Every structure is written in C-alpha cells, then in structure tokens.
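So the chains spell out like this:
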Amino acid sequence: MLRFSLYRLVVLLCVATIIYTTMRWYQILFGRGDTESRHFQHTCNMTELYRHELEHLFERVHRLLVQHGLTHFLCYGTLWGQIHMGKMLPWREKAEFCVLNDELMRHEEARFIRNFYASELQIHYRHSEGIYRIFAKEPGSLHAAPYVELVVFQLDETQGMYKRIGWKRRVLPPHCDWTPSLECFPINLLQGTLPKRPLGRYSYTVPMGGIELQKYHYPDNWWKDVKVRNCNLH
C-alpha cells in the first residue's frame, strides 16, 4: 500500500506542469495557428445578398481609413478573392484589411473609434489578436451580420519584417523564423506606391508582388487550387 507523501505529490504536480507547458509551447511555436488565417479553404456558401452587404461594408470601412490617412491593403482571404475571382469569395463571412500599427499610434484611439460610431458602424478591438472587428449597426434582413477585420502589423526594423501584434504573441520569441504565429512578411512588399486592383465594384490597394504576400501567410498551400464544394462561383 502506497503511503501519502506531500513531497511525492508536489513532484508529480511539477512534472505534470512542465509536460503541459512544453506541449503548449510546441503547439504555439511550431503549429500553424488559427485555421482561418493559415489555410485557404471554404466553410460555407454565402448568399448573394450577404456578399453584397459585405462588399458595401468593406467600402464604407475603406472610406473611413482613407479619411484617416491610414495605409490599408487587401490580405488573407480577401486578397485570395481578388487574385482568383476579382470579388469576395462566396463562402466567407468576413473581409480583411491589413493596417500598420505605427500609423494607428499617431491617432487618438478614442477619436478613431468615435468616427466609426459616427458613421453608424460598430468597432471592437480584440487585444489578444491585435484585430479591430467592425460591423454595420443595421445589417438589414440578414440573420448573421457580415463583418470586416483590420489586422494590425508592426514593423520590426531589426528583422526588416512586419509581424502581427496582440498580447498573446508578446510572450513568444520575437524572431519571425522561430514563431510562425507572428505571420511575418518582408518590408519590401509595402515599399513604393502600392498598386490597386479590382474587388467587386471597387478597386483597393494590394501589396507589391501580387501573390507574394500569400507565400508568407499560407506557406503550406499558397500554390494549390481551391477545391470548391456546394459554393456558387457565379
């Protein structure tokens, strides 16, 4: 019969904590992170009405960012839509602009947010992810409202790379090669006068090199064609 030992219990708890912590760090450092941001794949087939609402919201957000003089460009799934179809992908619930933290810091945050509310838009900042999420206050007759995300990147001059912000990334190694979840891309993709490309009825800024940005955000499958099931591509 085993006798109770406080020492043994403490040792067991320490070993379990070390194993759990090691596994979590391995997932963070070597895992591919959020599925939406790492894999180009569809999840559903949105209606034409939903897509029109999303395009309209996207243009409203674009106009506000222009008024603030903020650099913003297509990225993630929205950039895929521009590259492959010239419009929003019909299976996506949201659209993305990538923005730069250095430029945002020049604006008073409270005033920045008030301008969105003044334009009848709801905006919320997700501190863990470094993302502003924006909804229309009146999404019409839709059951699920479309939304736009502003994904914030910070320039790391030492590495010559832009990388994602958010408090959950601050505890990780800051080097891009060690931490895939930083979703880094090189500074040269934003140098010079950025081109504009059509997305639906409007044209928006895209990074230099066309598909080059996707090679960094989708390193495992950027070259693959999309296999579409039950989605209306017309």
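To be clear, the structure that these remarks concern was listed above.
Everything in this summary refers to the structure shown in the same document. (Residues numbered from 1 in each chain as written. Predicted model: local features only at pLDDT ≥ 70, side-chain atom pairs only at ≥ 80, totals over all residues. Heavy atoms only, no water.)

## As for unusual backbone geometry
With a phi close to 60°, Glu120 is a non-glycine residue in the positive phi region. Topologically, Glu120 is positioned in the loop between helix 6 (109-118) and strand 3 (121-126). A positive phi angle, close to 55°, is found at Glu183, a residue other than glycine. Turning to its location among the elements, Glu183 is positioned in the loop between helix 7 (167-170) and strand 7 (185-186). (Helix = DSSP H or I, 4+ residues; strand = E, 2+ residues; numbered from the N terminus.)

## Digging into the packing of helix 3 (residues 48-67) against helix 6
Between helix 3 and helix 6, the least distance of the axes is 11 Å, while the angle of their chain directions is 140°. Here helix 3 is positioned oblique relative to helix 6, judged by the angle of their axes. Both helix 3 and helix 6 take part in a crossing whose hand is right-handed. Each of Val61, Leu64 and Leu65 in helix 3 lies in contact with helix 6, whose residues at this interface are Phe112, Asn115 and Phe116. When grouped by side-chain class, the residues that make up the contact of helix 3 with helix 6 number five nonpolar, one polar and no charged. (Axes fitted to C-alpha atoms, helices over the stretch in contact; angles between N-to-C directions. Parallel < 35°, antiparallel > 145°, perpendicular 65-115°, else oblique. Left-handed = near helix turned anticlockwise from the far one by under 90°. Contact = heavy atoms within 4.5 Å. Nonpolar A, V, L, I, M, F, W, Y, C, P; charged D, E, K, R; others polar.)

## Re helix 3
In this model, helix 3 (20 residues) spans 29 Å end to end at C-alpha, consistent with the 28 Å of a helix rising 1.5 Å per residue. Inspection of helix 3 places Tyr50, Arg51, Leu54, Glu55, Leu57, Phe58, Glu59, Arg60, Val61, His62, Leu64 and Leu65 among the buried residues, and these make up the whole buried set. (Expected span 1.5 Å × (residues − 1). Buried < 20%, exposed > 50% of the residue type's maximum accessible area, 1.4 Å probe, protein only.)

## Topic: the packing of aromatic side chains
In the structure shown here, the tally under the stated rule is twelve aromatic pairs. Measuring from ring centre to ring centre gives 5.8 Å for Phe97 and Tyr204, while their planes differ by 65°; the resulting arrangement is edge-to-face. Residue Phe97 is located in strand 2 (residues 94-100), and its partner Tyr204 is located in strand 9 (residues 202-205); the two are separated by 107 residues in the primary sequence. Note on Tyr204: relative accessible area 2%, which makes it buried. With a centroid separation of 5.9 Å and an interplanar angle of 85°, the aromatic rings of Trp222 and Trp223 are classed as edge-to-face. With a relative accessible area of 26%, Trp222 lands in the partly exposed category. An aromatic cluster is present here, built from Phe73, Phe153, Tyr162 and Phe185 joined pairwise through their rings. (Phe/Tyr/Trp six-rings, centres within 6.5 Å; stacked < 30°, edge-to-face > 60°.)

## Observations regarding the nonpolar core
With 47 residues, the main nonpolar core has Phe58, Val61, Leu65, Phe112, Phe116 and Leu150 as its most contacted residues. Of all the secondary-structure elements, those providing two or more residues to this core are helix 3, strand 1 (72-74), helix 4 (76-84), strand 2, helix 6, strand 3, strand 4 (131-136) and strand 5 (147-156). Other than its neighbours up to four places away in sequence, Phe58 contacts Leu74, Thr78, Met88, Ala95, Glu96, Phe97, Val148, Leu199 and Tyr204. (Core = buried A, V, L, I, M, F, W, Y, C linked by side-chain atoms within 4.5 Å.)

## Re the side chain of Arg169
Counting through the fold element by element, Arg169 comes out in helix 7. Within polar-contact distance, the side chain of Arg169 engages the backbone oxygen of Glu129 at 3.5 Å. Apart from the residues lying within four places of it in its own chain, the contact partners of Arg169 are Ser128, Glu129, Arg164, Ser181, Leu182 and Glu183. (Polar contact = N/O pair within 3.5 Å; in protein donor to acceptor, adjacent residues only side chain to side chain.)

## Focus on the pattern of salt bridges
This model, assessed by the stated rule, comprises eleven salt bridges. Two residues, Arg63 and Glu59, come together in a salt bridge whose shortest N-O distance is 3.7 Å. Of this pair, Arg63 and Glu59 both sit in helix 3, separated by four residues, roughly a single helical turn. Judged by relative accessible area, Arg63 falls into the partly exposed class, the value being 40%. (Salt bridge = Lys/Arg side-chain N within 4 Å of Asp/Glu carboxyl O.)

## So, the environment of Leu74
Structurally, Leu74 is set in strand 1. Residue classification places Leu74 among the buried residues on the basis of a relative accessible area of 0%. Leu74 sits 24 residues away from Cys98 along the chain, and the two C-alpha atoms are 6.4 Å apart. Leave out the neighbours within four places in its chain, and Leu74 touches Phe58, Leu79, Gln82, Glu96, Phe97, Leu199, Tyr204, Thr205, Val206, Pro207 and Leu213.

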